[in-house]
Amino acid sequence: AKTAAPAAPDDAVLVASAAKAREPKDAAVRLWDVESGKCVQTLTGAHKSTVATLSFSSDGTYLVSAGKDRRLAIWKRQSVVGAEEEGGFEFTPPA
């Protein structure tokens, strides 16, 4: 069965993915630019185990990740001056 990666609703070129994490350092979410095929940001520090579920908010401002470690993280999209090559934004970690 195929699983679709969630895409930011206002940005057809951004998708999020995660992979099985055997160690906490591998429990990351990766954001991809579909057009270039490049990873534009890796989100780390919120999970200690495999990230199992990802979802963008309807306006694309937030990305929610839930892990097998029973943690829920809400990442906020921020504009970044000088980051135009990466789309001009980054997601900041949960507080």
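Keep in mind it's a predicted model, so treat the numbers as computed, not measured. (Residues numbered from 1 in each chain as written. Predicted model: local features only at pLDDT ≥ 70, side-chain atom pairs only at ≥ 80, totals over all residues. Heavy atoms only, no water.)

Here we come to the confidence of the model for the chain. Here the chain averages 79 in pLDDT, while 75% of its residues score no lower than 70. Put simply, strand E7 (residues 89–92) is where the chain has its lowest mean pLDDT, 74, and strand E5 (residues 62–67) is where it has its highest, 91. (pLDDT = per-residue confidence, 0-100. Helix = DSSP H or I, 4+ residues; strand = E, 2+ residues; numbered from the N terminus.)

Here we come to the pattern of salt bridges. For the coordinates displayed, the defined rule picks out 2 salt bridges. Here Lys25 ties to Asp26 by a salt bridge, and the two come within 3.3 Å at their closest N and O atoms. Between Arg71 and Asp69 there is a salt bridge; the shortest N-O distance is 3.8 Å. (Salt bridge = Lys/Arg side-chain N within 4 Å of Asp/Glu carboxyl O.)

In this structure, Leu31, Leu63 and Phe91 are the most contacted members of the largest nonpolar core, which totals 14 residues. Sorting the residues of this core by element identifies strand E1 (14–18), strand E2 (29–33), strand E3 (38–43), strand E4 (51–56) and strand E6 (72–79) as the ones contributing at least two each. Examining the composition of this core, we find that 3 residues originate from one element, E4, more than from any other. (Core = buried A, V, L, I, M, F, W, Y, C linked by side-chain atoms within 4.5 Å. Buried < 20%, exposed > 50% of the residue type's maximum accessible area, 1.4 Å probe, protein only.)

Read across the open sheet, the 3 strands follow the order E1-E2-E3; overall the sheet is antiparallel. Only two strands of the sheet have a single neighbouring strand rather than two, namely E1 and E3. The sheet shows a mean angle of 30° between the axes of neighbouring strands, taken without regard to direction. (Pairing = 2+ DSSP bridges. Axes fitted to C-alpha atoms, helices over the stretch in contact; angles between N-to-C directions.)

Within the secondary structure, Gly60 is located in the loop between E4 and E5. What makes Gly60 buried here is its relative accessible area of 1%. Each C-alpha atom of the pair Gly60 and Arg77 lies 7.7 Å from the other, and the pair is 17 residues apart in sequence.

Another aspect to go through is the side chain of Ser65. Counting through the fold element by element, Ser65 comes out in strand E5. Of the residues examined, Ser65 reaches a relative accessible area of 0% and is grouped as buried. At 2.9 Å, the side chain of Ser65 and the side chain of Trp75 are in polar contact. When near neighbours in sequence (up to four residues on either side) are disregarded, Ser65 contacts Val29, His47, Val51, Thr53, Leu54, Arg71, Leu72, Ala73 and Trp75. (Polar contact = N/O pair within 3.5 Å; in protein donor to acceptor, adjacent residues only side chain to side chain. Contact = heavy atoms within 4.5 Å.)

The next point concerns a nonpolar patch on the surface. Where nonpolar side chains cluster on the molecular surface, the patch consists of Tyr62, Val64, Leu72 and Ile74 and spans about 350 Å² of accessible area. You can see Leu72 is positioned in strand E6. Residue class for Leu72 comes out exposed when judged on its relative accessible area of 62%. (Patch = residues over 30% accessible without salt bridge, like charges linked within 9 Å, V, L, I, M, F, W, Y side chains within 5 Å. Areas by Shrake-Rupley, 256 points an atom, 1.4 Å probe, with all protein chains shown as cover.)

The next subject is the pairing of E4. As defined by bridge partners, E4 adjoins E5 across 5 bridges and the pair is classed as antiparallel. Residue pairing in the sheet places Thr53 in a bridge with Ala66 of E5. Joining the antiparallel neighbours E4 and E5 is a turn of 5 residues, in which Gly60 adopts a positive phi near 80°.

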